[in-house]
Amino acid sequence: MFTLPIDTLIVFTVTTPFVGWIERKLHRKIISGIYAAVGFALSGFMLYQLSSQALSSPMVVPIHAGVFEACLRVDALSVFAAAIFLAMGFLVTVYSLKYMERDTGLSLYYTLLLAMITGMLGVVAAGDFFTLFVFWEFMCIPSYVLVAFRKQQWEPVEAGFKYLVMSSAGSATILYGMSILYGLTGTLNFAQLSVVMTSAAANVWGYVSLAFILIGFGVKASMFPLHTWLPDAHPAAPSSISALLSGIVIKAGAYGIIRTLFMIFLPSRFSWQIALAVFAALTMTYGNFAALLQKDIKRLLAYSSIAQMGYILFAISTTTSYGLTAGLMHTMNHALMKGLLFLCAGAFIYRAGTRNLDELKGIGHKMPLTAVIFTVAALSISGVPPLNGFVSEFMIVYAGVNAGMLAFTVVMLINILLGFAYYLRLIKIIVWSTPTENVKKVKRAPTLMLLPMALMALSCIIIGLYPAPFIEMASKAAQAVI
Amino acid sequence: MIPLSYYLAFTAILYIVGIYCLATKRNMIRLVLGIEILVNAANLNFIILSANWKTGFVDPFAHSIVIISTALAGCISAVALTIVVYAYRHYGTLDARKLRRLRG
């Protein structure tokens, strides 16, 4: 029906509740999780099979039903993004096997997780705006439920409602922008749109549509005035879901912005460059300043996600091929680093039962392996040279200078220093403080949780030491849209 | 025949009403209705513009979009109302301003 990786995931999504039923009969709580992990692995294999064809030329899969015509269009950017999503989905599923064992309704948890990743694969593979929108909702609706998954507590319910209201208002805004675009051109197909929009003159309605679509995606990508749901929703979700939300769901917003800005509202015809750069600068500055004094470890990481989205938006606003490559590299690296940080935070919470930084003081002494992995991730995200965060942040700064946006680049450099400051504070609290009473009895993290974390830390180091093949992939992905 | 701009102004007003509803209303169910109004503004826009291309011809593509989008809006309302029910059980009220424990 769609492409093979998406079909595989849909089959697994639909069958997981039945596996959950068998699981209850057998009294083994782990089966549905393993089933979901197998689904991600299988889908990843399908994506690998498909990638060689899609990388050479965009693969178009038409969807016909009567008069309704839509299509999927898989190009290098789709493959690049889909690979990140699937890898994160797999690692987080393995992590959840242990982390979520105290919760009930696990088969539904894995169903929602699979559905969310399916939606994201669909978003990046969509060949026209409406398919993108349908998969967008396919991604959003499970994510609302996942944020409010621990419905016995007040915080997830409140954060989930706030997230739902803001995010669906954003989706409706995208739909409104799409309708204006449809009125302008008579089509929603990306390929046809890009032909029509390059030949027609830029008029007011074009800008109106651009503004609506940008605001809609901006809500998801937590652009500065629209970010307010993020610092509530990300900490309230279970840590494994926070890792996915911060790691990849907000990247789907960035993906939407990249697709629309570079394929429909071309930078040569619509002058959105400076506006986007201003919003990027505001986003990163706000995120970093708000993160400086947080007392809650997951809230701090969530604010840091806002700041990192600012870097990615700034990379997009340079409009050069190199800048977009840098932005995509940072998308991948941030998914790894922030995912890893949230998973580490989850391990601390799993053992110590608190998110408060004062109570987590010195927990690194009791959980040495987790502390080492946490330090690698924190140093990486603050841009210390042999790690992957340095590579992409350096590339973004370089792209900013090359594009002649000196003032914004200076803002970004100051922000990187600010980020370094609060991550050093975090490392000091976790690793270098003397353990408090709360953490005296804490044991080391379970092996099943350490395994995906160690894998991610290793890939952070590998990408940092040997970035060439990854940069080449990101560059191919950037070439596909420019 | 009524000119197209009147219709467009109507959907724009509908959109603004939706945003106003989200910004000012206290009742959580009204917030859910606000989202529905926003989606309906966009749906109406599609229907209006589908008849705009040739006189006497209506583009069926836009109508199929509206049908699917209505279904999606239904899904969102279902999830939203579920969360509202749980919020009511925790707080004993539907007043969104009482849900102020998070500072975001």
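Residues numbered from 1 in each chain as written. Chains lettered and ligands numbered in written order. Predicted model: local features only at pLDDT ≥ 70, side-chain atom pairs only at ≥ 80, totals over all residues. Heavy atoms only, no water.

Novice: How should I be thinking about the overall build of chain B in this particular structure?
Specialist: A count of helical and extended segments in chain B gives three helices and zero strands. Mapped from its N terminus to its C terminus, chain B presents α and β elements in the order α-α-α. Across its three principal axes, chain B shows a C-alpha extent of roughly 55 × 25 × 20 Å. Buried positions account for 41% of the 104 residues belonging to chain B. As displayed, chain B offers around 5,800 Å² of accessible surface, 66% of which is attributable to carbon and sulfur atoms. (Helix = DSSP H or I, 4+ residues; strand = E, 2+ residues; numbered from the N terminus. Buried < 20%, exposed > 50% of the residue type's maximum accessible area, 1.4 Å probe, protein only. Areas by Shrake-Rupley, 256 points an atom, 1.4 Å probe, with all protein chains shown as cover.)

Novice: Hey, could you run me through the overall build of chain A in this one?
Specialist: The helix and strand inventory of chain A stands at 18 helices and two strands. Structurally, chain A occupies a C-alpha span of about 70 × 55 × 40 Å along its principal axes. Within chain A, buried positions represent 65% of all 482 residues. Look at the contacts in chain A between residues 6 or more apart in sequence, and 81% of them connect residues 24 or more apart. Put simply, chain A shows about 16,200 Å² of open surface, and 70% of that area lies on carbon and sulfur atoms. Distance between charge centres in chain A, computed from 29 positive and 17 negative side chains, equals 8 Å. (Contact = heavy atoms within 4.5 Å. Lys, Arg positive; Asp, Glu negative; His and termini not counted. Charge placed at Lys NZ, Arg CZ, Asp CG, Glu CD.)

Novice: What is the right way to look at the packing of helix 1 (residues 4-26) of chain A against helix 2 (residues 31-56) of chain A in this model?
Specialist: Helix packing for two helices is described by the angle between their axes and how far apart those axes are. Residues and elements named next belong to chain A. Two elements in contact, helix 1 and helix 2, have axes whose closest approach is 8 Å; the angle formed by their N-to-C orientations is 165 degrees. Considering their axes alone, helix 1 and helix 2 lie roughly antiparallel with respect to each other. Relative to helix 2, helix 1 is oriented so that their crossing is right-handed. The segment helix 1 lies against helix 2, with Leu 4, Pro 5, Thr 8, Leu 9, Phe 12, Thr 15, Thr 16, Val 19, Glu 23 and Leu 26 engaging Ile 31, Ser 32, Tyr 35, Val 38, Gly 39, Phe 40, Leu 42, Ser 43, Met 46, Leu 47 and Leu 50. Per-class residue counts for the contact of helix 1 with helix 2 are 14 nonpolar, six polar and one charged. (Axes fitted to C-alpha atoms, helices over the stretch in contact; angles between N-to-C directions. Parallel < 35°, antiparallel > 145°, perpendicular 65-115°, else oblique. Left-handed = near helix turned anticlockwise from the far one by under 90°. Nonpolar A, V, L, I, M, F, W, Y, C, P; charged D, E, K, R; others polar.)

Novice: Mind showing me how you'd approach the environment of Asp59(B) here?
Specialist: Tracing the sequence through the fold places Asp59(B) in the loop between helix 2 (28-50) and helix 3 (60-91). Along the chain, Asp59(B) and Asn45(B) lie 14 residues apart, while their C-alpha atoms are 13 Å from each other. Excluding its chain neighbours within four sequence positions, the residues that come into contact with Asp59(B) are Tyr182(A), Gly186(A) and Ser50(B). A distance of 2.6 Å separates a polar atom in the side chain of Asp59(B) from a polar atom in the side chain of Tyr182(A). For Asp59(B), the side chain forms a polar contact with the main-chain nitrogen of Phe61(B), separated by 3.2 Å. (Polar contact = N/O pair within 3.5 Å; in protein donor to acceptor, adjacent residues only side chain to side chain.)

Novice: Looking at this structure, I do not really get helix 7 (residues 190-199) of chain A. What am I missing?
Specialist: Within an α-helix, residues lying three or four positions from one another point in the same direction, as the helix has 3.6 residues per turn. All names here are of chain A. Among the residues making up helix 7, those that are buried are Phe 190, Leu 193, Ser 194 and Met 197. The buried residues of helix 7 occupy an angular sector of 95 degrees when projected down its axis, which confines them to one face. Within helix 7, the exposed residues directed more than 90 degrees away from the buried face are Val 195 and Ser 199. In this fold, the buried residues of helix 7 make contact with helix 5 (129-147), helix 6 (154-185) and helix 10 (239-263). Of the residues that open helix 7, the one with a side-chain oxygen 3.0 Å from the backbone nitrogen of Ala 191 is Asn 189. (Arc of directions from axis to C-beta.)

Novice: How do you make sense of empty space enclosed by the protein when you look at a structure like this?
Specialist: Think of a ball as big as a water molecule: rolled over the atoms, this probe shows where empty space is left. All names here are of chain A. Going through the model one piece at a time under the given rule, you end up with four cavities of 30 Å³ or more. A volume near 100 Å³ is recorded for the largest cavity. Lining the largest cavity we find Leu 77, Phe 80, Ala 81, Ile 84, Phe 85, Lys 251, Ala 254, Tyr 255, Ile 258, Leu 328 and Thr 331. Of all the secondary-structure elements, those providing two or more residues to the lining of the largest cavity are helix 3 (76-99), helix 10 and helix 13 (321-352). Here the lining of the largest cavity gets five residues from one element, more than from any other, and that element is helix 3. Tallied by class, the residues present in the lining of the largest cavity amount to nine nonpolar, one polar and one charged. (1 Å grid on protein atoms, 1.4 Å probe; cavity = no way out; pocket = protein on both sides within 12 Å on 5 of 7 lines; lining within 4 Å. Points joined across faces, edges and corners; volume = space filled by probe spheres on them.)

Novice: For this particular structure, what's the right way to read the interface of chain B and chain A?
Specialist: Many analyses report the size of an interface as the accessible area lost when the parts associate. Contact residues are listed per partner, giving 44 residues for chain B and 46 residues for chain A. Regarding the contact of chain B and chain A, the summed buried area is about 3,900 Å², with carbon and sulfur atoms giving 77% of it. Counting across the chain B and chain A interface gives zero salt bridges. There are eight residue pairs in polar contact (both at pLDDT 80 or more) connecting chain B and chain A. If one sorts the elements of the side of chain B that touches chain A by residue count, helix 3 of chain B sits on top with 18 residues. (Buried area = accessible area lost by both parts, 1.4 Å probe. Salt bridge = Lys/Arg side-chain N within 4 Å of Asp/Glu carboxyl O.)

Novice: Hey, could you run me through the pairing of strand 1 (residues 59-65) of chain A in this one?
Specialist: Successive residues of a regular strand alternate their side chains across the two faces of the sheet. Residues and elements named next belong to chain A. With seven bridges connecting them, strand 1 and strand 2 (residues 68-74) associate as antiparallel partners. Of the residues in strand 2, the one forming a bridge with Met 59 is Val 74. The antiparallel hairpin formed by strand 1 and strand 2 contains two residues in its connecting segment, where Gly 66 sits at a positive phi of about 65 degrees. (Pairing = 2+ DSSP bridges.)

Novice: What's the story with the packing of helix 3 of chain A against helix 4 (residues 106-125) of chain A in this structure? I'm lost.
Specialist: Residue and element names in this part refer to chain A. Contact pair helix 3 / helix 4: the axes reach a minimum separation of 9 Å and the direction vectors enclose 170 degrees. The angle between helix 3 and helix 4 places the two elements in the roughly antiparallel class. Across the interface between the two elements, Ser 78, Ala 81, Ala 82, Phe 85, Leu 86, Gly 89, Thr 93, Ser 96 and Leu 97 from helix 3 touch Tyr 109, Tyr 110, Leu 113, Ile 117, Met 120, Leu 121, Val 124 and Ala 125 from helix 4. A class-by-class count of the residues in the contact of helix 3 with helix 4 yields 13 nonpolar, four polar and no charged.

Novice: Help me out: how do you make sense of the state of the cysteines in this one?
Specialist: Every disulfide links exactly two cysteines, by a covalent bond between their sulfur atoms. Tallied over the full model, the rule gives zero disulfides over all chains. Here Cys140(A) stays unpaired: no disulfide links it, and the sulfur of Cys75(B), its closest cysteine neighbor, is 12 Å away. Overall, the relative accessible area of 0% leaves Cys140(A) in the buried class. With no disulfide of its own, Cys344(A) lies closest to Cys460(A) among cysteine sulfurs, the gap being 9.8 Å. (Disulfide = S-S within 2.5 Å.)

Novice: Looking at this structure, how should I read a nonpolar patch on the surface?
Specialist: Residue and element names in this part refer to chain A. A surface patch of nonpolar side chains, about 320 Å² in accessible area, is lined by Ile 274, Val 278, Phe 279 and Leu 282. Position of Phe 279 relative to the elements: it lies in helix 11 (residues 273-292). Taking relative accessible area as the criterion, Phe 279 reaches 32% and is therefore assigned partly exposed. (Patch = residues over 30% accessible without salt bridge, like charges linked within 9 Å, V, L, I, M, F, W, Y side chains within 5 Å.)

Novice: For this particular structure, what's the right way to read the environment of His234(A)?
Specialist: Residue and element names in this part refer to chain A. Structurally, His 234 can be placed in helix 9 (residues 230-236). Sequence separation of His 234 and Tyr 303 is 69 residues, and the distance between their C-alpha atoms is 9.5 Å. The contact partners of His 234, leaving out residues within four places of it in the chain, are Trp 229, Ser 242, Leu 245, Ser 246, Ile 250, Lys 298 and Ala 302.

Novice: Explain unusual backbone geometry here, please?
Specialist: Backbone phi values are negative for most residues with the exception of glycine, while trans is the configuration of most peptide bonds. Residues and elements named next belong to chain A. Even without a glycine there, the phi angle at Ser 222 is positive, about 50 degrees. Here Ser 222 is to be found in the loop between helix 8 (204-220) and helix 9. At Thr 319, a position not held by glycine, the phi torsion is positive, near 60 degrees. Note on placement: Thr 319 falls in the loop between helix 12 (297-317) and helix 13.

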